[in-house]
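One-letter residues, chain by chain:
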Amino acid sequence: MSGFSAEWLALREPYDRAARNATVLDAVAGAFNGHGAIAVVDLACGSGATLRAMGPRLPPRQAWRLVDNDLGLLAQAPQPGQRPPLTVVVRPVDLVRDLELALEGPLDLIVTSALLDLVSPEWLDRLVVEAAARRLPVYAALTYDGRAVIEPSEPFDGELLDGFNLHQRTDKGFGAALGPTAAARAVERFEHLGYSVVQGRSDWAFGPDDRPIQDTLFAGWAEIAARRARGRGSARASPRRPARSAAARGSTARRRE
Ligand SMILES: C[S@@+](CC[C@H](N)C(=O)[O-])C[C@H]1O[C@@H](n2cnc3c(N)ncnc32)[C@H](O)[C@@H]1O
C-alpha cells in the first residue's frame, strides 16, 4: 500500500485528464508523429491513468511498461496480454531502490504523472541523469506547484493551504520531498542536461457540482492542519473549512504545472 488509494486515484482521474496541458501533450504526440510503434515506461503508474490519457495520442502499436510499488494499484491497471496493438507489462518496482531497473531495455518514452512533487532533489537528479544517458524524452505531468484559488474564500483557507504545502515537503519515501518546488526544479535540471522543455499549466478546476473531490481535498487539508496543531500542542481547535457550503456556492481551482 502506498497511501494513494484506488478510490482517490479514480476520483481525481477525470480532473487530471481535463487538466493535462494540451500544448505539452501535443509536443509529445508530435515527437512520435509518423512512428508505427512506441515503447513507453510509466513510472509510478498507479492504476494506469496516464496510459488511458495518452494512449489515444501515441502511435498505433504501443508497448507499455507500468511500474509502481503498490500491488493493489497495479492489480487495477490495464492488464497484460491485451490484444495487439497494445501490450502491457506490469512491473512491481520500488523506484527509490530500483529506478534503473525500471528503465532497463528498449524504450522510446518515459512518462510519469503526479510523482515529481513526491520525490527528493536527489531522486529527481537521478531520473534526469538516467533519462539523459538513454537519450529518452520525458513526459512528466500533473506536478503540484503550491497554488490554489478558492472562491468564495473562508477565513482559514490561507492557513490550511500553508499547512498542506509544508506537508508536501515531507518525506514520501524518496527523502524530503520537493513538493511545490518540483516543477521549476525539474525544468531547470532537464534544461541543464540539454533537454528542450515544453511546459504549461495543468490546473485542476472544480465547480460547485464537484462536491466529492472538494470534500475529499478539504478533508485532507483539515486532517493535516489538525495533525500539525496536535504536534504543536495547540489548544486551539484546528481550522475546518465548510467545504460543502463552498461547493454549493462557488468554485475551487487548484493550480498545478
Ligand atoms: C499521486 S499517485 C499517481 C498515480 C498515477 N501516476 C496517476 O496519475 O494516477 C503516486 C503514485 O506513486 C507511487 N509510488 C510512491 N512511492 C513509490 C515508490 N517508491 N516506487 C514506486 N511507486 C511509488 C504510488 O503507489 C502511486 O501510485
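Residues numbered from 1 in each chain as written. Predicted model: local features only at pLDDT ≥ 70, side-chain atom pairs only at ≥ 80, totals over all residues.

Some thoughts on the overall build of the protein chain
Phase 1: Regarding its fold elements, the protein chain presents 10 helices and 8 strands.
Phase 2: Counting every position in the protein chain, which comprises 257 residues, the buried fraction comes to 34%.
Phase 3: For the protein chain, contacts bridging at least 24 residues in sequence account for 78% of all contacts bridging at least 6. (Helix = DSSP H or I, 4+ residues; strand = E, 2+ residues; numbered from the N terminus. Buried ≥ 20, exposed ≤ 12 C-beta atoms within 10 Å, placed from the backbone. Contact = placed C-beta atoms within 7 Å.)

Let's talk about the sheet that holds strand 1 (residues 37-43)
Phase 1: A sheet is described by the order of its strands in space; here 5 strands give the open sequence 3-2-1-4-5, paired in parallel fashion. Two strands in the sheet have a free side with no partner beyond their single neighbour: strand 3 (86-92) and strand 5 (138-141). Within this sheet the neighbouring strands show an average axis-to-axis angle of 15°, counted without direction.
Phase 2: As paired elements, strand 2 (residues 61-68) and strand 3 share 7 bridges and run parallel to each other. (Pairing = 2+ DSSP bridges. Axes fitted to C-alpha atoms, helices over the stretch in contact; angles between N-to-C directions.)

Focus: the packing of helix 1 (residues 6-19) against helix 9 (residues 211-231)
Each pair of packed helices gets described by two things: the angle between the helix axes and the distance between those axes.
Phase 1: In contact at an axis separation of 10 Å, helix 1 and helix 9 are set at 120° when each is read in the N-to-C sense. For the element pair helix 1 / helix 9, the angle class is oblique. Crossing of helix 1 against helix 9: the hand is left-handed. Note on element contacts: helix 9 touches helix 1 through P212, I213 and T216, opposite W8, L11, R12 and Y15.
Phase 2: In terms of residue class, the contact of helix 1 with helix 9 is built from 5 nonpolar, 1 polar and 1 charged. (Parallel < 35°, antiparallel > 145°, perpendicular 65-115°, else oblique. Left-handed = near helix turned anticlockwise from the far one by under 90°. Nonpolar A, V, L, I, M, F, W, Y, C, P; charged D, E, K, R; others polar.)

Things to note about the pairing of strand 4 (residues 109-113)
Regular strands show a simple pattern: their side chains alternate between the two faces of the sheet.
Phase 1: By the criterion of burial, strand 4 is predominantly enclosed, with 5 of the 5 residues buried.
Phase 2: Of the two faces of strand 4, both are covered, the one formed by L109, V111 and S113 as well as the one formed by I110 and T112.
Phase 3: Note that strand 1 and strand 4 share 4 bridges and pair parallel. Opposite V40, over in strand 4, you have L109 as the bridge partner.
Phase 4: Looking at chain direction, strand 4 and strand 5 are connected through 4 bridges and run parallel. Bridging across to strand 5, S113 finds its partner in A141.
Phase 5: Chirality of the crossover, the property in question, places the unit of strand 4, helix 6 (residues 121-133) and strand 5 among those that are right-handed. (Right-handed = clockwise from strand over helix to strand, strands pointing away.)

Quick notes on the confidence of the model for the protein chain
Phase 1: Taken as a whole, the protein chain shows an average pLDDT of 89; of its residues, 88% reach a score of 70 or greater.
Phase 2: Counting contacts from residues 241-257, a segment whose pLDDT is below 50, to residues more than four positions away or on other chains yields 62 contacts. (pLDDT = per-residue confidence, 0-100.)

Re helix 7 (residues 157-168)
Phase 1: With 12 residues, helix 7 extends 16 Å from end C-alpha to end C-alpha; this agrees with the ideal 16 Å at 1.5 Å per step.
Phase 2: Within the span of helix 7, buried status applies to D157, L160, G163, F164 and Q168. Taken around the axis of helix 7, the buried residues stretch over an arc of 145°, which confines them to a single face.
Phase 3: In this structure, the buried residues of helix 7 make contact with strand 6 (144-151) and helix 9. (Expected span 1.5 Å × (residues − 1). Arc of directions from axis to C-beta.)

A word on unusual backbone geometry
Phase 1: With an omega dihedral of -5°, the bond running from E151 to P152 counts as a cis peptide bond.
Phase 2: Secondary-structure assignment places P152 in the loop between strand 6 and helix 7.
Phase 3: Although it is not a glycine, R135 adopts a positive phi angle of roughly 55°.
Phase 4: Tracing the backbone shows R135 in the loop between helix 6 and strand 5.
Phase 5: Judged by C-beta crowding, with 7 C-beta atoms within 10 Å, R135 ranks as exposed.
Phase 6: The phi dihedral of L142 is positive, around 60°, even though this residue is not glycine.
Phase 7: Checked against the element boundaries, L142 lands in the loop between strand 5 and strand 6.
Phase 8: We classify L142 as buried; it has 25 C-beta atoms within 10 Å.

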